[in-house]
Amino acid sequence: EICLGVVPLNEETGKIIANVFLELRRLCFEKGSWLIFAGGDGASPNRDAWKIIKGKSSGDKTPLFENVKKAEELPFWSGSDMDQHDTKGLKRDFWGDWILAKGQQIRFDILLTRLRGIVPTENGEVTLSEPGDPTYSRVDDVSLTDKLGEQRAKEFHQEFADLATMEVVDPKDSMASKPAHLCGKMGDLFREVGLDGAAWLCDLIAKSERVARGVDAKGDKVTFEENLRNLRAFNAELRAWHKECEENIDQRARGAQRYRGFISEVLYELYLMNEEAMTGILALMKKNKMTDELRSTLPFSASNETMHSILRGVDKHLRISKVARHLGKILLAASILQDRARSWTFNRGVGTYRNTIDESPESRRAALADFEETEERAFVLKTQTERDKDHGVARRARVGEAPKILTKIAAATNVTVKNFKLTFRDAWVRAKYGRKASKGRSILEMAMAAPHLLKREGASGNGQAFPVARAFIVDGDAAWELVHSKPHAAIQKVGTPTIKCRQSNLKGVLELDVLGKEKYVVPYKSIKAMAWDFIDTSLPANVDGIVVVTFAIVTAGRLQLLTLELLQKDKNTCRMFANLAGLAGTLFKSALVAGGKPSPEAQLLRAAHREGGSGTAVLDLEKDEAPWRRVAVQTAVAASRGLVRIAEVDAEEPPPLSTILKKYKGGDGITMRKEAIRSSSTTKAKRGRPKAKEDDGARVVRAELENHEEAARYQKDGGKVLGEKWVGLCVRDDEYRFAGEIVGMKWVDDTDPPQICAEIRSYDKKDTQTYCVYDLPAMVIAAEDEQLLDVLLEYDPPEDEFDLPGDEEAERTMAQPVEPEDDDDADD
């Protein structure tokens, strides 16, 4: 029998899993092995896969292996993972629901919690009583002391508390292993206090765990056939219990997944499926006289779960970008775990696992023999230095020749990898080193014409500020351009002009913030169409292309165009717009692909490209403080790549722009609002504001609570330490819609524990709020664009809602200097 693990995908299907199994079965069969069993959890893709595989396994259930000529003639059985899923599933199903046990419906979780004892607290937190203190323990409505007597109650509570730990009573992970294991040991204690139903449920958990691990009640190993008898006895109890629930409890108007008083139907079916699989496998092995080679259990995924724990230790969300950076450590940990000849690594000599596994076969055989005898991996392999001493001068001479050999290997490897093929998402990348990058058909490229590809289920719909490299505004018969001082430069100097665009769903506006001084505002409702596309030129860091987004704005019979060339994170910004409440619908309606019928929004864009602006300009941006410069309308329209792309689609010619504009109600167009600039000179009188030294440059603030600040929070004189850093900074609390400036620190006695808190005054000076210092870093970062001009924040960037797993790898892969080969598939 062979246990194979399939790595789960984000959207795995039964068909994918089935095809993987069928291909593995074919490969195993070609190598002289027979793959006859697949197991996993009870997820629907797995169950769908098993049905598909059974339909493609048409042979005899008990053939002689020597007579099987094709892989499809092999029998197939499926089952679950009793060790890593089913036993935990029992404990999960017993928790939080009424269960029929020994003729009574009980709440197992409540009985266990009452027996353990919860100390009352003012804040409602779960606090367990001290082991050996039965004061708060109850059996139904009777105290544990009255039930057992004072002395036995203390002893009983000590024993029960060792099992009923916090992770059992207040589980954070319903499928953790240890809580189920501990519950399986509680049966005798529940019986002692007369809770026979709860005791029986604990016995079921214990029996399931024993079958899963192939042991008897004493913990001794059993044979496969003996374990099958134990599983049959266990399933007989489940069948009787299922029938009892069906006959004695009204099952009408219930959920299809579970009988009232019983475990889930899926879990029940998995236990029966395991019995069928073990029965079939035993008959097959007897037919082929191979029963001596059977392990006592069906395969289970303990090694997979261990690997999952290692991966989650690197990143609990299993993001590819983080896991990949620690791949070496992950493989090292897996190697150490699977090498029974070794138990730890040393720092003496060469001292790494990789350098010490190259031990003589005799030494490793001795290590394995020691492991078989003691069941402990306590054998320590020799280090490189110790081996050199043992082997003497001759070995050291051979080692000295190694670099020459490695040089040859490296040269051969470089020749091989000059031509390689990689796949990622929908794109094929054929690469040769040292050539210019080619543009693959990435998701972002396809989304230029079909933006719905970037739509995400469950997206918040919120906006996200992003930097802009270049902006164009067309207003009637006039156009202007505004350029970032160094667009797309790898490093931006502090103090260089910046352009940022942000969205406010609360206000329903798009804001273009220039230099932190002037803000150009456009209401969502005035944006009637949107388009985007890549600019013509491309850099290695922007292999997909630099995206240009254009907004068509209708106001008082005039057309205005706002075009933004993105500075960075093109994918994330486009995803944001495709999920932005208030504008996503406009974006989707404006899309037009070859062969499609243009929508009114698309026709507006096509007419704008054909005719440019409409009407007389109202804006006069050259008078603004921001460095706008006048350009020709045709130049601005040509820079709006989305308009160009849509105009090139072969479709019905749009009516005149003036006719289209009459169909729209006039709204507010682009308006400029002067930002009130708060310079350092205006803050001299602010309480607690640190005095700036002459010519000391920008005020650099690390936006996190450092160790010495954490300690100062709980010291009455700590306000001075905290004030030196935080006072004078702006903050924003979006949840409560409060923004202002930190004006001081004060000691607050009515918190638990008492601590230093920050006083924050609103910008209009009408309201002052007190906030915990712990909240300041996030609030200061949220108000980064509102800080004084001499303030520079340093912080680790937060997680980006629109930065999906795999983006970083995709960018690194696509950024390789590549060129498509001259073959028929180069354009696929």
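Use the structure listed above.
These figures come from a predicted structure and were not determined experimentally.

### What about the overall build of the protein?
Along its length, the protein carries 29 helices and 24 strands. A buried classification covers 43% of the 828 residues belonging to the protein. Of all intrachain contacts in the protein linking residues separated by at least 6 positions in sequence, the fraction that spans at least 24 positions is 65%. Accessible area of the protein: about 44,500 Å², with a carbon and sulfur share of 50%.

### Topic: the state of the cysteines
All chains considered together, the criterion is met by 0 disulfides. Free cysteine cysteine 772: the closest other cysteine sulfur is in cysteine 757, separated by 5.7 Å.

### Observations concerning the pairing of strand 11 (residues 499-504)
Look at any regular strand and the pattern is simple: side chains alternate between the two faces of the sheet. In terms of burial, strand 11 is largely enclosed, as 5 of its 6 residues are buried. Where strand 9 (residues 466-475) and strand 11 come together, 2 bridges link them in antiparallel fashion. Bridge assignment links phenylalanine 466 to a residue of strand 11, and that residue is cysteine 501. Across 6 bridges, the pairing between strand 11 and strand 12 (residues 509-514) is antiparallel. Within strand 12, the residue paired with serine 504 across the bridge is valine 509. Taking the residues that link successive antiparallel strands as the turn, the strand 11-strand 12 hairpin has 4 residues, and the phi of glycine 508 there is positive, at about 70°.

### Examining the pattern of salt bridges
Enumeration according to the criterion identifies 30 salt bridges in this entry. Across the salt bridge formed by arginine 191 and aspartate 203, the nearest N and O atoms sit 2.8 Å from each other. Within this pair, whereas arginine 191 is found in helix 9 (residues 187-192), its partner aspartate 203 is found in helix 10 (residues 196-213), the two being separated by 12 residues in sequence. Across the pair glutamate 565 and arginine 470 runs a salt bridge whose closest N-O atoms are separated by 2.9 Å.

### Observations concerning the packing of helix 11 (residues 224-248) against helix 12 (residues 265-287)
Interhelical geometry of helix 11 versus helix 12 gives an angle of 150° and a closest axis separation of 10 Å. By the angle between their axes, helix 11 is roughly antiparallel relative to helix 12. Considering the relative orientation of helix 11 and helix 12, their crossing is left-handed. Two secondary-structure elements touch here, helix 11 through Phe224, Glu225, Asn227, Leu228, Leu231, Arg232, Phe234, Asn235, Leu238, Arg239 and His242 and helix 12 through Glu265, Tyr268, Tyr271, Leu272, Asn274, Glu275, Met278, Thr279, Ile281, Leu282 and Lys286. A per-class count over the contact of helix 11 with helix 12 returns 11 nonpolar, 5 polar and 6 charged.

### Side note on the pairing of strand 19 (residues 699-702)
Burial along strand 19 is one-sided: the face carrying Arg699 and Val701 is buried and the face carrying Val700 and Arg702 is not. Relative to strand 24 (residues 791-794), strand 19 runs parallel, the two being bridged by 4 bridges. When the sheet's bridge partners are listed, valine 700 is paired in strand 24 with leucine 792.

### Observations concerning the packing of aromatic side chains
The geometry of an aromatic ring pair is captured by two quantities: the separation of the ring centres and the angle between the planes. Summed over the entire model, instances satisfying the criterion amount to 16 aromatic pairs. Here the aromatic rings of tryptophan 34 and phenylalanine 65 are separated by 4.1 Å at their centres, their planes lie at 5°, and the arrangement is stacked. Of this pair, tryptophan 34 sits in the loop between helix 1 (14-30) and strand 1 (37-40) while phenylalanine 65 sits in the loop between helix 2 (44-55) and strand 2 (77-80), and the two are 31 residues apart along the sequence. Judged by centre distance (5.7 Å) and plane angle (85°), the ring pair of tyrosine 520 and tryptophan 628 falls under edge-to-face. With tyrosine 520 in strand 13 (residues 518-523) and tryptophan 628 in the loop between helix 22 (600-611) and strand 17 (629-631), this pair connects stretches of sequence that are 108 residues apart. A relative accessible area of 3% means that tyrosine 520 is categorised as buried. Take tryptophan 628: its relative accessible area is 7%, and that puts it in the buried class. Taken together, the ring pairs in this structure connect Phe94, Trp95, Phe108, Phe156, Phe160, Phe190, Trp200, Trp241, Phe262 and Tyr268 into an aromatic cluster. It is lysine 91 that lies over the ring of tryptophan 95; its NZ or CZ is 4.1 Å from the centre.

The rules behind the values
Residues numbered from 1 in each chain as written. Predicted model: local features only at pLDDT ≥ 70, side-chain atom pairs only at ≥ 80, totals over all residues. Heavy atoms only, no water. Helix = DSSP H or I, 4+ residues; strand = E, 2+ residues; numbered from the N terminus. Buried < 20%, exposed > 50% of the residue type's maximum accessible area, 1.4 Å probe, protein only. Contact = heavy atoms within 4.5 Å. Areas by Shrake-Rupley, 256 points an atom, 1.4 Å probe, with all protein chains shown as cover. Disulfide = S-S within 2.5 Å. Pairing = 2+ DSSP bridges. Salt bridge = Lys/Arg side-chain N within 4 Å of Asp/Glu carboxyl O. Axes fitted to C-alpha atoms, helices over the stretch in contact; angles between N-to-C directions. Parallel < 35°, antiparallel > 145°, perpendicular 65-115°, else oblique. Left-handed = near helix turned anticlockwise from the far one by under 90°. Nonpolar A, V, L, I, M, F, W, Y, C, P; charged D, E, K, R; others polar. Phe/Tyr/Trp six-rings, centres within 6.5 Å; stacked < 30°, edge-to-face > 60°. Lys NZ or Arg CZ within 6 Å of the ring centre and 35° of its normal.

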